[in-house]
Every structure is written in structure tokens, then in C-alpha cells.
Amino acid sequence: MATTVDQRTKIVMNGVVYPVDPRDMTVEEIREHLFLPEEARIEVLDHQDEEDLTEVGISWADGVDGKVVLDHVRRIIQEHMIHIV
């Protein structure tokens, strides 16, 4: 599980589930897991000084429409976040 941040919208998604620790995944594995297109850039930040917090940052190419970005954020939330019932 990791905090996933969309840099364009500044939306922070806590509790996004990954099959393994994102620090052990390649960028392509993360891209496939989150259903992200090539226009999305991915950066994994390891904040060891903050109780092993792992952050996955997503940024987008300038030409990507905001609606496309929000559609991908929505899909990540629907399919990969832990939902508390």
C-alpha cells in the first residue's frame, strides 16, 4: 500500500493497494497496475524517515487533457483503494 499523488490535480490518494511494495516495482509495472498511459510519468519516493512511507507520484505531459487525468484518478480510486465500509 502506498500514498499516490496526482501532481496535476494535487489529489492525494491514501491507501492505494499495489501487488508488492511499489519500491520493488518497475515504472512499467506500476503503469500497468494503475492503467496509466505513456503520457503519465511515474516517480516512486521512499520517505524512510517518515515510518517507511512510500509515495507514488504521477505527473502528466502538457498535452494531456484534464478530463483524461481525472478519469484515470477516478479509476485508481475505484479499483485500487482500500474502501472502508
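Residues numbered from 1 in each chain as written. Predicted model: local features only at pLDDT ≥ 70, side-chain atom pairs only at ≥ 80, totals over all residues. Heavy atoms only, no water.

Provide a residue-level description of the overall build of the protein chain, including the pertinent values.
Check the secondary structure of the protein chain and you find 2 helices and 4 strands. Start at the N end of the protein chain and walk to the C end: the helices and strands fall as β-β-α-β-β-α. In the protein chain, 47% of the contacts between residues at least 6 apart in sequence involve partners at least 24 apart. Carbon and sulfur atoms make up 52% of the accessible area of the protein chain, which totals about 5300 Å². (Helix = DSSP H or I, 4+ residues; strand = E, 2+ residues; numbered from the N terminus. Contact = heavy atoms within 4.5 Å. Areas by Shrake-Rupley, 256 points an atom, 1.4 Å probe, with all protein chains shown as cover.)

How would you explain unusual backbone geometry if you had to name every residue and give the values?
For K10, which is not glycine, the phi torsion reads 65° and is therefore positive. Within the fold, K10 resides in the loop between β1 (2-6) and β2 (11-16). Positive phi, normally seen in glycine, also occurs at F35, with a value near 60°. Tracing the backbone shows F35 in the loop between α1 (27-33) and β3 (40-47). Here F35 falls in the partly exposed class, since its relative accessible area comes to 30%. (Buried < 20%, exposed > 50% of the residue type's maximum accessible area, 1.4 Å probe, protein only.)

Describe in detail the pattern of salt bridges, supporting the description with residues and values.
A side chain with one charge can pair with a side chain of the opposite charge if their charged atoms come near. One pass over the structure, following the stated rule, counts 6 salt bridges. R31 is the partner of E38 in a salt bridge, and the nearest nitrogen-oxygen pair spans 3.9 Å. Overall, the relative accessible area of 57% leaves E38 in the exposed class. Note on R31: relative accessible area 8%, which makes it buried. A salt bridge links D71 to K67; the shortest N-O distance between them is 3.1 Å. Placement of both D71 and K67 in helix α2 (residues 66-80) is noted, with a separation of 4 residues, approximately one turn of the helix. In the salt-bridge network here, residues are joined through shared partners; they are E28, R31 and E38. (Salt bridge = Lys/Arg side-chain N within 4 Å of Asp/Glu carboxyl O.)

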